[in-house]
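Architecture and fold: a report
What follows is each chain in one-letter form.
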Amino acid sequence: MIRFLNVTQKYGTITALRDASFDIDIGEFVFFVGPSGAGKSTIMKLIYREEVVTGGMVLVGRVDVSKLKPHQVPRLRRRMGIVFQDFKLLPGQSAYDNVAYVLRALGVAPTEIRKRVLGALKVVGLIDKVDAKPEELSGGEQQRVGIARAIVNGPSLVIADEPTGNLDPQTSIEIMNLLEQINQRGTTIMVCTHNQQVVNTMRKRVIQLSDGNIVRDVPLGAYNA
Amino acid sequence: MSLTVADAISTELRITARIFQETWGGILRSGWMNLVIIVTMAAILSIFGTLLAFVIETELLFEHMGTGFEISAYLKPEAKLETVKANVLRQPGVARIQVVTRESAWNEMKQALDISNMDNPLPDTIHIKSNAPERLATLASQIEQLDGVEEVNYAKQLIQRLRSFSNLISAIGLVIALFLGAMTLFVISNTIHLLIEARSREIEILRMMGVGNWFIRLPLLFQGSFYGLSGALIAYLPLLGAVYTIGELFGKLQFSTSGYSLNIVFVIMLIMGVTVGAGGAANSIRKYLRV
């Protein structure tokens, strides 16, 4: 599903990622761990092509991401769902509208939107809060809306960059359980985190980064070696 | 998922409708700035339109004058009419002439003014029509130098004064229009910039979720165009007044203007307005919008 081949990413004189290679299969659940600045976010950004790779090759499905023209990027991103640390919800708009927002922009039929949005909100356990605005929701609930928005288009890959960064430990575990549940439906999940407790509880594949290098890649691993 | 053509079309229609919805949302968000922009836009387009209408009408007037106006040559009492007439006809640019002898002119005047016992004070007159209106002055001075010609009269002064007035108007108008145009561009650009800032979260979400770039750009461009369009529509009224006033003014000079400039100027104003509006938006999109 995802393949990194000797990827080196430079920003000017800074090397954010050095000769990184790994494969992620369809249906996997992978943690990327390491301190801030280790290169986790760079990997995410290369996959959804917020950054263009400076060396090596990044494949998403059968697509060489670096060869995409700017106008082809939206099509790539529609195949994935992205979850943010700060939720990025639209204030003043209901959970329903937040999830429906992008579908409306994509021109999905109203009946289809309703079906999909309610379906996604049901998956994340917020079916009784469809009308609640972000201000009326707890942090964990807001992130659930964020996840509902990420999966509403039926993506084969969900990318979450520090999804529990703003949440307490208990809520963090709940969010991870939700992602695992989505994973069990066949969606590939990639999570960047430096939350040790979460990683140690979940026991999934762990790719550890340090200073731009992949230093460890283990199945069912813990945060530390 | 298989898509039929009908599905694809209705998807496009929904996206289009959504783009207009987003445009309207952006306008609502801009609040009182809308008023400032549209009024400024209407003012600049009114000035520009009036100027353009004046220039067009004046050109039409000159053209009309060139064909309608003629040179009148008054002959010296001792001049031989037939000789002068032949010499005049030899000048380049003369289309046709009309001779009014002193006798026939005097008869006419006597009838009109009811005077009878006086010596005829009038000269023989040759009225000359030119087929090269732009050379009217040259032709007049050539005729003035002919033997037997006492004096030449034509609408030289009137034309010259109109010309210089028209040039002055154009120059002042152009400076004002350029200044206001730059200002409008700046104001629109700023408004769209503020909107991009205010919508940064929505825009980021749309980008990340794979919504096409044009869906993000078009509402902003449309909003800019909306300002230009509204400004031009409002400016139609002052333009109407201006064209009417120009008509009145020229009417006093015995020329009827057709108001021909009205529609063409209005169309140009619409194009200008939309171009400036969209241009201001495009400027901000280019500078501040990362898609």
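Structure: see above.
A brief look at the structure comes next. On a predicted model such as this, the values are computed, not experimentally measured, just so you know. (Residues numbered from 1 in each chain as written. Chains lettered and ligands numbered in written order. Predicted model: local features only at pLDDT ≥ 70, side-chain atom pairs only at ≥ 80, totals over all residues. Heavy atoms only, no water.)

**Notes on the overall build of chain B**
Each helix and strand in chain B was counted, giving nine helices and four strands. The globule rule puts the C-alpha radius of gyration for 291 residues at 19 Å, and the 31 Å found for chain B is more than 25% above it. A total of 291 residues make up chain B; the buried ones form 42% of that total. Considering only contacts within chain B whose residues lie at least 6 apart along the sequence, 85% involve residues at least 24 apart. Computed over 23 positive and 23 negative side-chain charges, the separation of the two mean positions in chain B equals 12 Å. (Helix = DSSP H or I, 4+ residues; strand = E, 2+ residues; numbered from the N terminus. Rg over C-alpha atoms; globule rule 2.2 N^0.38 Å. Buried < 20%, exposed > 50% of the residue type's maximum accessible area, 1.4 Å probe, protein only. Contact = heavy atoms within 4.5 Å. Lys, Arg positive; Asp, Glu negative; His and termini not counted. Charge placed at Lys NZ, Arg CZ, Asp CG, Glu CD.)

**Quick word on the interface of chain A and chain B**
Between chain A and chain B, the contact holds 22 residues from the first and 20 residues from the second. Summing both partners gives a buried area of about 2100 Å² for chain A against chain B, and 59% of it is carried by carbon and sulfur. Ranking the residues of chain A by area buried against chain B places E50, Y101 and A105 of chain A at the top, with a combined share of 27%. Linking chain A with chain B are two salt bridges. The residue K88 of chain A makes a salt bridge to E204 of chain B at a minimum N-O spacing of 3.3 Å. Looking at the side of chain A that touches chain B, the elements with two or more residues in it are helix 2 (73-77) and helix 3 (95-105) of chain A. For the side of chain A that touches chain B, the element with the most residues is helix 3 of chain A, which contributes four residues. Among the residues forming the side of chain A that touches chain B, the class breakdown is 14 nonpolar, one polar and seven charged. (Buried area = accessible area lost by both parts, 1.4 Å probe. Salt bridge = Lys/Arg side-chain N within 4 Å of Asp/Glu carboxyl O. Nonpolar A, V, L, I, M, F, W, Y, C, P; charged D, E, K, R; others polar.)

**What about helix 5 (residues 136-144) of chain B?**
Residues and elements named next belong to chain B. Every buried residue of helix 5 is accounted for by L136, L139, A140 and I143. The arc enclosing the buried residues of helix 5, seen along the axis, measures out at 100 degrees, which places them on a common side. On its buried side, helix 5 packs onto strand 1 (70-75), helix 3 (81-90), strand 2 (94-100), strand 3 (125-130) and strand 4 (149-153). (Arc of directions from axis to C-beta.)

**Some thoughts on a nonpolar patch on the surface**
Residues M109, L113, I115 and M118 of chain B make up a contiguous nonpolar surface patch of about 350 Å² in total accessible area. The exposure class of M118 of chain B is partly exposed, given its relative accessible area of 47%. (Patch = residues over 30% accessible without salt bridge, like charges linked within 9 Å, V, L, I, M, F, W, Y side chains within 5 Å. Areas by Shrake-Rupley, 256 points an atom, 1.4 Å probe, with all protein chains shown as cover.)

**Looking at the pairing of strand 3 (residues 29-33) of chain A**
Residue and element names in this part refer to chain A. In terms of burial, strand 3 is a largely internal element, five of the five residues being buried. The alternating pattern of strand 3 places F29, F31 and V33 and V30 and F32 on opposite faces, both of which are buried. Where strand 3 meets strand 9 (residues 205-210), four bridges bridge the pair, whose relative direction is parallel. Each residue of the ladder has a partner; that of V30, found in strand 9, is R205. (Pairing = 2+ DSSP bridges.)

**A few points about unusual backbone geometry**
Outside of glycine, negative phi angles account for most residues, and trans bonds account for most peptide bonds. Residue and element names in this part refer to chain A. With a phi close to 45 degrees, N6 is a non-glycine residue in the positive phi region. For N6, a relative accessible area of 41% translates into the label partly exposed. One non-glycine residue, F87, lies in the positive phi region at around 65 degrees. Examined against the element boundaries, F87 turns out to sit in the loop between strand 6 (80-83) and helix 3.

**Regarding the sheet that holds strand 6 of chain A**
All names here are of chain A. The mixed open sheet is built from six strands, whose spatial order is 6-7-8-3-9-10. The strands lining the two open edges of the sheet, one partner per strand, are strand 6 and strand 10 (213-218). Neighbour-to-neighbour, the strand axes of this sheet turn through a mean angle of 15 degrees, independent of strand direction. Examined bridge by bridge, strand 6 and strand 7 (residues 157-161) share four bridges and lie parallel to one another. Counterpart to I82 in the pairing with strand 7 is I159. The strands touched by helix 6 (residues 169-184) within the sheet are strand 3, strand 7 and strand 8 (188-193), with strand 8 carrying the most contacts at an inclination of about 155 degrees. (Axes fitted to C-alpha atoms, helices over the stretch in contact; angles between N-to-C directions.)

**What about the nonpolar core?**
Taken as a class, soluble globular proteins show a tendency for nonpolar side chains to be buried jointly. Judged by nonpolar contacts, the single largest core of 126 residues is most densely connected at F4, F31, F32 and I47 of chain A. Non-local contacts of F4 of chain A, meaning those with residues more than four positions away in its chain, are made with L17, A20, S21, F22, I43, L46, I47, M57 and V58 of chain A. With 18 residues, the next largest nonpolar core counts I71, L75, I143 and V149 of chain B among its residues. (Core = buried A, V, L, I, M, F, W, Y, C linked by side-chain atoms within 4.5 Å.)

**Thoughts on the pattern of salt bridges**
Within this structure, the stated rule accounts for 19 salt bridges over all chains. R205 of chain A is paired through a salt bridge with E28 of chain A; the nearest N and O atoms lie 3.0 Å apart. Remark: E28 of chain A occurs in the loop between strand 2 (14-24) and strand 3 and R205 of chain A occurs in strand 9; sequence separation between them is 177 residues. Among the salt bridges present, the one from D86 of chain A reaches K88 of chain A, with a minimum N-O distance of 3.3 Å. We classify K88 of chain A as buried; its relative accessible area is 12%. By sharing partners, the salt bridges in this structure join R18, E22, R29, R199 and E202 of chain B into a single network.

**As for the packing of helix 3 of chain A against helix 1 (residues 5-29) of chain B**
Packing of helix 3 of chain A against helix 1 of chain B brings their axes to within 9 Å, and their N-to-C directions diverge by 120 degrees. When the axis of helix 3 of chain A is compared with that of helix 1 of chain B, the two are oblique. Each of Y101, R104 and A105 of chain A in helix 3 of chain A lies in contact with helix 1 of chain B, whose residues at this interface are I15, R18 and E22 of chain B. Its residues assigned to classes, the contact of helix 3 of chain A with helix 1 of chain B shows three nonpolar, no polar and three charged. (Parallel < 35°, antiparallel > 145°, perpendicular 65-115°, else oblique.)

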